[in-house]
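Residues per chain are reported as follows:
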2 protein chains.
Amino acid sequence: GAGADNDLYINQAIVFIEDAIQYRSINHRVDSKSLWLYRWYYSRTWQWILSLTITVILALAFIEEPSSLTVTSDVRYRLPAWNPPCGLTESIELLCFLVFVVDVSVKSYLIGWKEFWKNKWLMAYILTLIVSLTDWIVSLSFFCKESVRIRRILRPFFLLQNSSMMKKTLKSINSTLPEMASVVLLLAVHLSLFTMFAMLLFARTKDNQQDKEWVVYFRNLPESLTSLLVLLTTANNPDVMIPAYSKNRAYSIFFILFTVLGNLFLMNLLTAIIYNQFRGYLLKSVQSSLFRRRLGIRAAFEVLSSLKETPASAQQSCVSVGALLQVLQKAEMDSRCKQAIMRSLKMCSCDQLSAAQFQKLFEELDKDAIKQHPPSPEYQSHFMQKMQFAFGHPYFGYLGNVVALANIISICVVLVMDADKQPSERDDFFLGAINCFFILYYLLEMLLKILAMGLKRYLSYPSNRFDGLLTVILLILEIATFSVYGFPHPGWRPEFMGLLSLWDMVRLVNMLIVFRFLRIIPNMKFMALVVTTLLDLVKNLRAFAGILVVVFYAFAITGIMLFKGAVVPLGNTRYSNFLQEAEKNSKAEFTGSCVHISLFWLSRETLYFKEKKNVISWCSAHFQAEVICRLLYVLSVHLICRWAKIYFVAWWLISSVIWVNLFVALLLENFIHKWDRRCQRESLSDIEYQRTVELMFRDVLEEPTEEELMEKLHQHPHLQLCR
Amino acid sequence: GAGADNDLYINQAIVFIEDAIQYRSINHRVDSKSLWLYRWYYSRTWQWILSLTITVILALAFIEEPSSLTVTSDVRYRLPAWNPPCGLTESIELLCFLVFVVDVSVKSYLIGWKEFWKNKWLMAYILTLIVSLTDWIVSLSFFCKESVRIRRILRPFFLLQNSSMMKKTLKSINSTLPEMASVVLLLAVHLSLFTMFAMLLFARTKDNQQDKEWVVYFRNLPESLTSLLVLLTTANNPDVMIPAYSKNRAYSIFFILFTVLGNLFLMNLLTAIIYNQFRGYLLKSVQSSLFRRRLGIRAAFEVLSSLKETPASAQQSCVSVGALLQVLQKAEMDSRCKQAIMRSLKMCSCDQLSAAQFQKLFEELDKDAIKQHPPSPEYQSHFMQKMQFAFGHPYFGYLGNVVALANIISICVVLVMDADKQPSERDDFFLGAINCFFILYYLLEMLLKILAMGLKRYLSYPSNRFDGLLTVILLILEIATFSVYGFPHPGWRPEFMGLLSLWDMVRLVNMLIVFRFLRIIPNMKFMALVVTTLLDLVKNLRAFAGILVVVFYAFAITGIMLFKGAVVPLGNTRYSNFLQEAEKNSKAEFTGSCVHISLFWLSRETLYFKEKKNVISWCSAHFQAEVICRLLYVLSVHLICRWAKIYFVAWWLISSVIWVNLFVALLLENFIHKWDRRCQRESLSDIEYQRTVELMFRDVLEEPTEEELMEKLHQHPHLQLCR
């Protein structure tokens, strides 16, 4: 009947408006049941369950078999890692898979059969699930003793497919690949030509004294290639040329030429290319988000205008205010926006809304919230008013900064003075006394500020919240210290009592004080600008970070598989008990892998040096016995050399060369936009905006035209518009 | 009289037009004698003498006392460096100073007294000369035994002041300094806060086993600061955290946080800031060059229009064609441009030229020369025409590339096969035979191409010149080989004869063949694009490179002064003869300094590692005795540690942080401009332009208005315009 129809339209409008708010595509089924399912699928509960599942399945690697979540990485002290019994992690995994199966079926149903075949991500999702489940069954039928588990490498896919931002970013990266490949090819040509040159230049001679360069770095083709590849990362920079240089200074020309061409020109060329490709990336993605929002609102308007209530006589389609109010009440949205829309709806006297009016109403969504701080309390007494003026003044805040700086300096002085003292000679009195004084000042400052501003206004500033929280923690720590160890006096060196020693307590207090010093940031204009930009950047980088996590995870798991049991030490009677321990622990660990890979990534330009060094440091962290370490090192390098080289070069290319350049490109993009806008914003600096990426680009964005919107609406696979 | 006046005007016009061509300022004296002096000053001869003088005075450091220009850097084999007798370098220096004195007086006279006081560069020039001459007198009065020579540090100034581009660039860098300083300040705050944190976190404990981290990296404030500064360069990356990490894995969070914030965010922020500042740099400099050119031409027009010949009745000022022809004949300019202007002057039928027509005539100067290749010879015979078609076709060039590739591959294969053979086992027959074959092919290719294209057309292509030159050299080498060692046959291993052994000859031939392979570059589109952009970049970077040379030179000289005699080894009986040698050679050398500093610069991110390693490699290059090296190393690090740290940190900041970022900024600027234009140019790709920076920006440049030009002309300090 008409009533049911009307209900359906209302529901469709609600969903479309929610789509617009969340920048979602509106291409889904629109019948009553599907709408209910759709709202359930995008409800907070289900999305939360999904995120939790993804987190759990990714985190499983930390407790699964060849892994260890121990405090120390030193095998001599650490307890054996807890190995979960066969079936425990597997049953958790099965639960996760079931959630994913539900997810993929609902998603596929909602977008409809036709769309499903076009959506490669969904098909890959199903394929991944099938492979994972098969692998899971195989795993269980071997009683968890199988050596290769494909499903562990596939896990990061679940993270990838759940985020539309990440999928978009990946597409962007994909389109940059051809140009990147050209530069990498150029690098390869550069490398191979110089390798041939080097092999001819540093050939073996009859005089054994003269060919040190040949012996160490250019013995054969793979070795020469490696030497020069590493020179490209500047890791072996002076060493590689020293033998030749000591023979004839002119040889340095070869190396300098190679480095300048390769490292300075070609590597930076990669930065330039990636920056050039990503220049429009942010703008384009914001533009498409805007289009989705306008489309959702327009779709809501269209379905509402086909409600039976509206007078059919009207030429232009329009929407009754009552229907819109009904929709607004049921739609889930930010309460501030909802109220603002309701308010302007009431202010507008008309009964019917045209499409333009309808869009205009929802522009509230694009606006940034102007944060209003609650007012200060109004005191009656003259004295209190003066107090309020004095302690509410910015100068009082500056005084607080000066005091914090003085505190930092005093800690620094004490640290420098105590640097060479034995722990037993150290006197904690001085530091205890001054910290006590400073913390009292902080407490006083906080109380006076609360007095001047009122508690609500005080808490509405983030810097005050940061300040107050740290002050309270410091106070608690100080009270705890005094209650356990008594008041400080000269020669105050009590025995260990309670949870922490006095020295640890004092250190903790000092660290918190150093941390509290960060409150000066908003007071320094340039620093504030940099920090807000960095925070913005972090928001924009979430998708990149997600992709990085995916790559990290895949590399860590691959590393474990490749190097499992590769580091097998051979006999040395003296250290044999260590060696047995070593053999037991020789399987690569996930936690270790992760940290090592992140280390490797951080030390981005030091490929080869780190490749060898990493093995050493890995060993030395595990055994602390240098002799074994060298033995192991020589063996392991020979054993895993072939695989390790390819693995590490791939890792270097992906993580350091490509990812770091992507990062630089995004950073440049963000900063240059911010910088251009700096002057404009300086005038508005008193008002605190909650800035989003969308706002940064607002004045460059193009509004979609009515024709574009309608064309897109008519292409909707499930919605039949009446007209 | 009027004739003398006319002559003066003509001369002024000639000079102004020459100024316009060279983008020089026109603010100089304009009386007859000054004009003669001005033209003499900017004549090729004098400018060449000046450049030579600057080169000579800079090059002096290579032969002056604590330096050594020896082939090997190994003290055991090298002959004592030639020490010029006292007075030799000094008298060369005096000659140079005299040239500079002439230079500065002419320059000062030409710009006039008033302008002189505004010109800080000229005053600094005079001051530098006075200080240098005083130092020179002091030096001679001590019979060259004085220890500090200030004038050596001042030398690069002469290079700096002679180039207007470098002065402009320096000004640009100067204006970026405030923002760079903010970021460096931010880095300093970051570093100091984290240092305090680290010192509190890794404090000394009572258990000596547990505080390895403290012992090695965080013993006191300077040590902690250094450790973290070096971590910022990622040089000590995994090592610095291994002791702490092996105690508790959570400690890695501290290091990862520090590196991500400092290295990834703040360091790249510096890139972003510098790029942002330099974005408009090229455009601005090209714009001001254009203004100078237009101004010079306009000034020439104005002086010519005040010639007595012109009819006074004319309302608008104008210039007679005859006068202009007279000026053109005497002015020094590119003959192509001169002819083009003459031609268009003859084509224009009018007798008088207005200002706009006058400017338009000289637009020829802004145009790029379209290079026209001479035509191919036209053969009568049908057979020859067919030959011409076949060997003039691009496919024949591709065939040549394929053959060159085959040659490279064959060399590569031989190298791989011979890699492990003893030199005495090596058989040179195979390589000799295939090289002989390939070189014959190259010769044939060259001859056929000359046949098809004619010698002139063949030589008009740079790729052919490159090709042909290398082919001829290869042929000569091959003939020399055969004449000395006979034709190759199996077991062809003759004794050493003549200048080079057979093996060296073969190696040389192979290197040339590898080098010749670069001819494929223009055939690969992307590579060609990259290479042309790089060449453009090199042109634009000349000013930067000049400044880098200035900084290099100053640092090398400062390094010599600071570390003179710092590396003094102490007794070890066994190596005492080495040690005496060492003591003799312990003075730092200029050549060594230069190379070491350039090495250091190339390995840009490895501050600390290289700081220590450099001393080692320096020693090992000099003594080859590892034991001494370690002794020396320990001693020298203790002795020169304080100065070395400051010196190397300064060097790192200036060379790697600032200069490399400047380089990246310029590269980005250049590439992005090129890229945007790529599509446009692809259609024109057959025509070879001689591209200049000016042309790259032509469509963005703004023409100066008539009012701006006239205002500037009226501000001229020496030229009184009649109207």
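Residues numbered from 1 in each chain as written. Chains lettered and ligands numbered in written order. Predicted model: local features only at pLDDT ≥ 70, side-chain atom pairs only at ≥ 80, totals over all residues. Heavy atoms only, no water.

- Named according to an unreviewed UniProt entry, chain A is Two pore channel protein 2 originating from Dicrurus megarhynchus.

Considerations on the overall build of chain A
Logical step 1: Helix and strand counts for chain A come out as 31 helices and two strands.
Logical step 2: Out of the 723 residues in chain A, the part that is buried amounts to 52%. (Helix = DSSP H or I, 4+ residues; strand = E, 2+ residues; numbered from the N terminus. Buried < 20%, exposed > 50% of the residue type's maximum accessible area, 1.4 Å probe, protein only.)

Focus on a negative patch on the surface
Logical step 1: A surface patch of negative charge is lined by Glu702, Glu707, Glu708 and Glu711 of chain A.
Logical step 2: Within the secondary structure layout, Glu711 of chain A lies in helix H31 (residues 706-714). (Patch = residues over 30% accessible without salt bridge, like charges linked within 9 Å, V, L, I, M, F, W, Y side chains within 5 Å. Areas by Shrake-Rupley, 256 points an atom, 1.4 Å probe, with all protein chains shown as cover. Salt bridge = Lys/Arg side-chain N within 4 Å of Asp/Glu carboxyl O. Lys, Arg positive; Asp, Glu negative; His and termini not counted. Charge placed at Lys NZ, Arg CZ, Asp CG, Glu CD.)

Here's the deal with the packing of aromatic side chains
Residue and element names in this part refer to chain A.
Logical step 1: Summed over the entire model, instances satisfying the criterion amount to 52 aromatic pairs over all chains.
Logical step 2: Cation over ring: Arg29 sits above Tyr109, and NZ or CZ is 4.3 Å from the ring centre.
Logical step 3: Seen from the ring of Tyr442, Arg516 lies directly overhead, with NZ or CZ sitting 3.7 Å from the centre. (Phe/Tyr/Trp six-rings, centres within 6.5 Å; stacked < 30°, edge-to-face > 60°. Lys NZ or Arg CZ within 6 Å of the ring centre and 35° of its normal.)

What to know about the packing of helix H20 (residues 429-453) of chain B against helix H22 (residues 462-485) of chain B
Residues and elements named next belong to chain B.
Logical step 1: At a closest axis distance of 10 Å, the pairing of H20 and H22 adopts a crossing angle of 140°. It follows from the interaxial angle that H20 and H22 lie oblique. As H20 packs across H22, the resulting crossing turns out to be left-handed. In this structure, H20 uses Gly432, Asn435, Cys436, Ile439, Tyr442, Leu443, Glu445, Met446, Lys449 and Met453 to contact H22, whose residues at the interface are Asn464, Asp467, Gly468, Thr471, Val472, Leu474, Leu475, Glu478 and Phe482. (Axes fitted to C-alpha atoms, helices over the stretch in contact; angles between N-to-C directions. Parallel < 35°, antiparallel > 145°, perpendicular 65-115°, else oblique. Left-handed = near helix turned anticlockwise from the far one by under 90°. Contact = heavy atoms within 4.5 Å.)

Let's talk about the environment of Glu18 of chain A
Logical step 1: In this fold, Glu18 of chain A is placed in helix H1 (residues 2-21).
Logical step 2: Sequence separation between Glu18 of chain A and Met267 of chain A is 249 residues, and the spatial gap between their C-alpha atoms is 46 Å.

As for the confidence of the model for chain A
Residue and element names in this part refer to chain A.
Logical step 1: Chain-level pLDDT for chain A is 76 on average; 76% of the residues reach the 70-or-more range.
Logical step 2: Overall, residues 566-589 carries pLDDT values under 50, and its contacts beyond four positions in sequence, including any with other chains, amount to 45 contacts.
Logical step 3: Contacts for the low-pLDDT stretch residues 600-640, under 50 throughout, to residues beyond four places or in other chains number 110 contacts. (pLDDT = per-residue confidence, 0-100.)

Observations regarding helix H14 (residues 281-305) of chain A
Logical step 1: Taking 1.5 Å per residue, 25 residues should reach 36 Å; H14 of chain A reaches 36 Å between its end C-alpha atoms and fits that length.
Logical step 2: Among the 25 residues in H14 of chain A, 19 count as buried, and that is most of the element. (Expected span 1.5 Å × (residues − 1).)

Thoughts on helix H13 (residues 251-278) of chain A
Logical step 1: Taking 1.5 Å per residue, 28 residues should reach 40 Å; H13 of chain A reaches 40 Å between its end C-alpha atoms and fits that length.
Logical step 2: Of all 28 residues making up H13 of chain A, 22 are buried, and the element is well covered by its neighbours.

With respect to the side chain of Arg519 of chain B
Residue and element names in this part refer to chain B.
Logical step 1: Relative to the helices and strands, Arg519 is located in the loop between helix H23 (502-516) and helix H24 (525-540).
Logical step 2: At 3.1 Å, the side chain of Arg519 forms a polar contact with the backbone oxygen of Gly397.
Logical step 3: Of note is the side chain of Arg519, whose polar atom sits 2.7 Å from the side chain of Asp467.
Logical step 4: Sequence-distant contacts of Arg519, defined by excluding residues within four places in its chain, comprise Gly397, Gly400, Asn401, Glu445, Phe466 and Asp467. (Polar contact = N/O pair within 3.5 Å; in protein donor to acceptor, adjacent residues only side chain to side chain.)

Side note on the packing of helix H15 (residues 321-330) of chain A against helix H16 (residues 335-347) of chain A
All names here are of chain A.
Logical step 1: Where H15 contacts H16, the axes come no closer than 11 Å and their chain directions differ by 170°. With respect to H16, the element H15 is oriented roughly antiparallel. Considering how the two elements wind past one another, H15 and H16 form a crossing that is left-handed. Side by side, H15 and H16 meet where Val321, Leu324, Leu325, Leu328 and Gln329 of the first sit next to Lys338, Ile341, Met342 and Leu345 of the second.
Logical step 2: Split into classes, the residues belonging to the contact of H15 with H16 amount to seven nonpolar, one polar and one charged. (Nonpolar A, V, L, I, M, F, W, Y, C, P; charged D, E, K, R; others polar.)

As for the pattern of salt bridges
Logical step 1: In this structure the tally under the stated criterion is 32 salt bridges over all chains.
Logical step 2: The partner of Glu18 of chain A in a salt bridge is Arg39 of chain A, and the shortest N-O contact between them spans 2.7 Å. Here Arg39 of chain A lies in helix H2 (residues 32-41) and Glu18 of chain A lies in helix H1, a separation of 21 residues in the sequence.
Logical step 3: Take Glu18 of chain A: its relative accessible area is 9%, and that puts it in the buried class.
Logical step 4: Residue Arg298 of chain B pairs with Glu302 of chain B through a salt bridge whose shortest N-O separation is 3.1 Å. Here Glu302 of chain B and Arg298 of chain B lie together in helix H14 (residues 281-305), a separation of four residues that amounts to about one turn. One exposure class covers both Arg298 of chain B and Glu302 of chain B, and it is buried.
Logical step 5: Salt bridges sharing partners connect three or more residues here, namely Glu90, Glu93, Asp135, Arg151 and Arg155 of chain A.

Points about a nonpolar patch on the surface
Logical step 1: A grouping of Leu127, Val131, Val148 and Ile150 of chain A is seen on the molecular surface, where their side chains present a nonpolar patch of about 340 Å² in accessible area.
Logical step 2: Topologically, Val148 of chain A is positioned in the loop between helix H6 (120-141) and helix H7 (150-154).

What to know about the environment of Phe437 of chain B
Logical step 1: Of note, Phe437 of chain B is situated in helix H20.
Logical step 2: The spacing of Phe437 of chain B and Asn407 of chain B is 30 residues in sequence and 9.6 Å in space, taken between C-alpha atoms.

Overview of the side chain of His716 of chain A
Logical step 1: If you trace the backbone, His716 of chain A turns up in the segment after H31.
Logical step 2: In this structure, His716 of chain A is in contact with Ile26, Asn27, His28 and Val30 of chain A, ignoring residues within four places of it in sequence.

Thoughts on the nonpolar core
Logical step 1: Counting residues in each nonpolar core, the largest one holds 175 residues, and the members touching the most others are Phe202, Leu228, Phe255 and Phe544 of chain A together with Leu228, Phe255 and Phe544 of chain B.
Logical step 2: Excluding anything up to four places from it in sequence, Leu228 of chain A contacts Leu191, Phe194, Thr195, Ala198, Phe218, Phe254 and Phe258 of chain A. (Core = buried A, V, L, I, M, F, W, Y, C linked by side-chain atoms within 4.5 Å.)

Side note on unusual backbone geometry
Logical step 1: Despite not being glycine, Tyr23 of chain A shows a phi value in the positive range, around 60°.
Logical step 2: Position of Tyr23 of chain A among the secondary structure elements: in the loop between H1 and H2.

A word on the environment of Tyr458 of chain B
All names here are of chain B.
Logical step 1: Its location among the elements puts Tyr458 in helix H21 (residues 455-460).
Logical step 2: With relative accessibility at 3%, the residue Tyr458 sits in the buried group.
Logical step 3: Distance from Tyr458 to Asn11, taken between C-alpha atoms, is 43 Å for residues 447 residues apart in sequence.
Logical step 4: Those residues in contact with Tyr458, other than ones at most four positions away along the chain, are Met446, Lys449, Ile450, Met453, Asn464, Asp467 and Gly468.

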